[in-house]
Amino acid sequence: MASYHKPDEKTLQGLKDTANKLRIHSIKATCASNSGHPTSCCSAAEIMSVLFFHTMKYKPSDPRNPNNDRFIMSKGHAAPILYAAWAEAGYVKEADLLNLRKFDCDLEGHPTPKLAFVDVATGSLGQGLGAACGMAYTGKHFDKASYRVYCLLGDGESSEGSVWEAMAFASFYNLDNLVAIFDVNRLGQSEPAPLQHDTEVYRKRCEAFGWNTYVVDGHDVEELCKALWQAKQVKEKPTAIVAKTFKGKGLKGIENAENWHGKPIPKDRVEALLADLQSLIQTNKPLSPEQPAEDAPPVDISNIVMPSPPAFKIGDKMATRRAYGLALAKLGEASGRVVALDGDTKNSTFSDIFKKAHPDRYIECFIAEQNMVSVAIGCATRDRTVSFASTFAAFFSRAYDHIRMAAISQSNVNLAGSHCGVSIGEDGPSQMALEDLAMFRAIPTCTVFYPSDAVSTEKAVELAANTKGICFIRTSRPDTAVIYSPGEKFEVGHAKVVRKSDSDKVTVIGAGVTLHEALAAADELAKEGVHIRVIDPFTIKPLDAETIVSSARATGGRIITVEDHYREGGLGEAVCAAVAEEPGVVVQRLAVTGVPRSGKPTELLDYHGISAKCIVAAVRSTFAN
């Protein structure tokens, strides 16, 4: 192993001085905005100084360069010191720091990728390390590059279970290019963190999770330099640095005192405190980061096209969840940058088909859905991969905050949820996704695909790979018939009218399993001479309002929606919103009400009023009324 060379005294003093400059910037910025977290910044000052001006390799003028080391500020409330570091590096104008948190400034209260030096939004605590895992996995296994990933966590957020999901993931996959630094400053928002300064317990926990671990004085720049150098020498293990620090370090009367979280320094104390910090600065020696190695391969993930049309014939029977797995494996042939993740449900979501075809691009995340979503987000940063993460759709509810933050992160992550609705049958309500459409429709950047057969599923996968923002693909468990020819064209926001005549009396809108129930109902009603128009929306968000409104007009303003989902927030409510300003349109909604139970799919569809039989009855009652 190479031997450690202590930095010279001028460099060490320069790092100490830079730390105090970062404190000064953070205090001035939070005073200017009269809000923010200066004490949380002050505890991390030496850590940030050593990382940005001694350890990390990056191009300050090109923050998103693929060769750069990555940094994730998981304790997002310390954003001012991140902005200060980039000001000291020369990328952010020092004057702009005083616009912190102002409406017309991108230096927001917590970091977002509006800034080129931020890869993922943080602030909802406990999520940064999972994204860092995705970046480190990508660097080691997909890019096979030398860049390293550093994540700064607060001790308060280490109470979050998602942190330990990420810790388990990183050690299982031997992510030796990843360093997690715990800023153990003892104090949380409202009271001390549970372990306070018991760094020995932090050390034991990190080591128990399989991490190479160092405990350091987080205000000693030499100790930090040495620990970060040692981390680079360790192979096959990620490194945790447990840094004992003091909240408000360097601020007399505030350092290590309670009740200062999220409070700017009072105006009558600012001048004296800044003078104290300024007096500690002994040199103006500029410190410049080392340039990175140019070994990250060029990547182009634009316009990924399936290598061949769908291989299904009308009338074939296949579950859309299986069609998803086949489509994903096929997409993986089109681009070596398509990657798949799953949470130990791959033989149910059929992502195992992708794993068999492209084992080096499959990531098993085990039963840790929060971390799986964060890892997928991390993989997708800087457009290094097109990531698809799958599990039962119900289990994405556990990761909903991570999905919400993915939108703020401007992520292009793709999520596929199987086993939606009561149609899964005997497994019962704990496995049935009945809230997922409402969840994903509420995400501002999300496109919601709900394919109804194998052909439309394959098209949804291809479109998702090329659609900006979050994409959610809802897949079903039962086998259903292929209703589209391989050459059928699909577009985001364009519905399909799958049954139509000049004498249609009602428009029925179904999706997934309920589209097939609607078609069965149409066949039954046709025997009585009653014709209905049947629409497959394909995407629930954006919804094709134009097709729905025109069909409603053609059928006397009568619409029936039928969905394998709760009434709240699903297809029915989306349709109601689409026709809200259209006079004379009445929407009758058939949906699941109440908590379901185990049973056969046909029994459950009947019981909850969303089967073909129930659609027929609803059409008849429309005329009876």
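Residues numbered from 1 in each chain as written. Predicted model: local features only at pLDDT ≥ 70, side-chain atom pairs only at ≥ 80, totals over all residues. Heavy atoms only, no water.

### Notes on the side chain of K21
At step 1: Take K21: it is sitting in helix 1 (residues 9-33).
At step 2: In this structure K21 touches E88, I281, T283 and N284, once residues within four positions along its chain are discounted. (Helix = DSSP H or I, 4+ residues; strand = E, 2+ residues; numbered from the N terminus. Contact = heavy atoms within 4.5 Å.)

### Looking at the pattern of salt bridges
At step 1: On inspection of all chains with the given rule, the structure shows 32 salt bridges.
At step 2: Where K6 meets E222, a salt bridge forms, and the shortest distance between an N and an O atom there is 3.6 Å. Taken together, the residues span a long stretch of sequence, with K6 in the segment before helix 1 and E222 in helix 8 (residues 221-233) at a distance of 216 residues.
At step 3: On the basis of relative accessible area, K6 is assigned to the partly exposed category, the value being 44%.
At step 4: Judged by relative accessible area, which is 28%, E222 ranks as partly exposed.
At step 5: For R382, the salt bridge identified is with D119, shortest N-O distance 2.8 Å. Of the two residues, R382 is situated in the loop between helix 13 (369-380) and strand 9 (386-392) and D119 in the loop between helix 4 (79-88) and helix 5 (128-142); the sequence distance between them amounts to 263 residues.
At step 6: R382 gets classed as buried once you look at its relative accessible area, which sits at 17%. (Salt bridge = Lys/Arg side-chain N within 4 Å of Asp/Glu carboxyl O. Buried < 20%, exposed > 50% of the residue type's maximum accessible area, 1.4 Å probe, protein only.)

### Notes on the sheet that holds strand 3 (residues 178-184)
At step 1: The parallel open sheet is built from five strands, whose spatial order is 1-2-3-5-4. The strands lining the two open edges of the sheet, one partner per strand, are strand 1 (70-73) and strand 4 (212-217). Averaged over all pairs of adjacent strands, the angle between their axes in this sheet comes to 20°, without regard to strand direction.
At step 2: The pairing of strand 3 with strand 5 (residues 239-244) spans six bridges and is classified as parallel. Looking across to strand 5, one finds that F182 is bridged to V242. (Pairing = 2+ DSSP bridges. Axes fitted to C-alpha atoms, helices over the stretch in contact; angles between N-to-C directions.)

### Points about the nonpolar core
At step 1: In terms of nonpolar packing, the biggest core is built from 79 residues, with L129, L178 and L415 touching the most fellow members.
At step 2: Sort the elements by how many residues they give to this core and helix 5 lands first, with eight residues.
At step 3: Excluding residues that lie within four positions of it along the chain, L178 makes contacts with L129, A132, C133, A136, V149, A170, W211, P238 and T239.
At step 4: Of all hydrophobic cores here, the second largest spans 52 residues; its members include I47, M48, V50 and A231. (Core = buried A, V, L, I, M, F, W, Y, C linked by side-chain atoms within 4.5 Å.)

### So, the UniProt feature "domain: Transketolase-like pyrimidine-binding" (unreviewed entry) in the chain
At step 1: The residues that UniProt annotates with the feature "domain: Transketolase-like pyrimidine-binding" (unreviewed entry) are residues 318-482.
At step 2: Along residues 318-482 one finds 39% helix and 18% strand; the C-alpha atoms at either end are 7 Å apart. (UniProt positions renumbered as here; feature names shortened; annotations may be inferred.)

### Things to note about the pairing of strand 2 (residues 149-154)
At step 1: When you tally the buried positions in strand 2, you get six out of six residues, the bulk of the element.
At step 2: The side-chain alternation of strand 2 yields two buried faces, one formed by V149, C151 and L153 and the other by Y150, L152 and G154.
At step 3: Summarising the sheet, strand 1 and strand 2 pair through four bridges and their orientation is parallel. The residue of strand 2 that forms the bridge with F71 is Y150.

### Here's the deal with the packing of helix 5 against helix 6 (residues 161-172)
At step 1: With their axes 8 Å apart at the nearest point, helix 5 and helix 6 run at an angle of 20° to one another. One way to sum up the angle between helix 5 and helix 6 is to call them roughly parallel. Pair helix 5 / helix 6 crosses with left-handed handedness. Counting all contacts with helix 5, which are made through L129, G130, C133 and Y137, the residues of helix 6 involved are V163, A166, M167, F169 and A170.
At step 2: The class makeup of the residues in the contact of helix 5 with helix 6 is eight nonpolar, one polar and no charged. (Parallel < 35°, antiparallel > 145°, perpendicular 65-115°, else oblique. Left-handed = near helix turned anticlockwise from the far one by under 90°. Nonpolar A, V, L, I, M, F, W, Y, C, P; charged D, E, K, R; others polar.)

### Comments concerning the sheet that holds strand 18 (residues 558-566)
At step 1: Reading across the sheet, the five strands line up as 14-16-15-18-19 and stay open at both edges, with mixed pairing between neighbours. The open sheet is flanked by strand 14 (496-499) and strand 19 (586-592), the only strands paired with a single partner. Ignoring strand direction, the axes of neighbouring strands in this sheet form an average angle of 25°.
At step 2: The pairing of strand 15 (residues 504-510) with strand 16 (residues 531-536) spans five bridges and is parallel. The residue of strand 16 that forms the bridge with D504 is H531.
At step 3: Sheet strands in contact with helix 17 (residues 513-526) are strand 14, strand 15, strand 16 and strand 18, and its direction is about 165° off that of strand 16.
At step 4: Set on the sheet, helix 18 (residues 545-554) makes contact with strand 14, strand 15, strand 16 and strand 18; between it and strand 16 the angle comes to about 175°.

### A few points about helix 7 (residues 199-208)
At step 1: Here helix 7 has its buried residues at T199, Y202 and C206. Taken around the axis of helix 7, the buried residues stretch over an arc of 55°, which confines them to a single face. Of the exposed residues in helix 7, the ones pointing more than 90 degrees away from its buried face are K204 and A208.
At step 2: Next to the buried residues of helix 7 lie helix 6, strand 3, strand 4 and strand 5.
At step 3: Taken from the residues just after helix 7, G210 is the one with a positive phi, measuring 90°. (Arc of directions from axis to C-beta.)

### A few points about the packing of aromatic side chains
At step 1: Going through the model one piece at a time under the given rule, you end up with 25 aromatic pairs.
At step 2: Their ring planes at 85° and their centres at 5.3 Å tell us that Y137 and Y173 sit as a pair that is edge-to-face. Of the two residues, Y137 sits in helix 5 while Y173 sits in the loop between helix 6 and strand 3, which places them 36 residues apart along the sequence.
At step 3: On the basis of relative accessible area, Y137 is assigned to the buried category, the value being 6%.
At step 4: One aromatic cluster is present, built from ring pairs that chain together F52, Y58, F71, Y83, W86, Y91 and F117.
At step 5: Above the ring of Y147, the side-chain terminus of R70 is found at 3.6 Å from the ring centroid.
At step 6: Cation over ring: K496 sits above F490, and NZ or CZ is 4.8 Å from the ring centre. (Phe/Tyr/Trp six-rings, centres within 6.5 Å; stacked < 30°, edge-to-face > 60°. Lys NZ or Arg CZ within 6 Å of the ring centre and 35° of its normal.)

### Brief notes about the environment of Y484
At step 1: Assignment of secondary structure puts Y484 in the loop between strand 13 (480-481) and strand 14.
At step 2: A residue is classified by how much of its surface remains accessible, and Y484, at 4% relative accessible area, is buried.
At step 3: Along the chain, Y484 and V498 lie 14 residues apart, while their C-alpha atoms are 9.1 Å from each other.
At step 4: In this structure, Y484 is in contact with I314, D453, V455, S456, F490, K496, V498 and D536, ignoring residues within four places of it in sequence.

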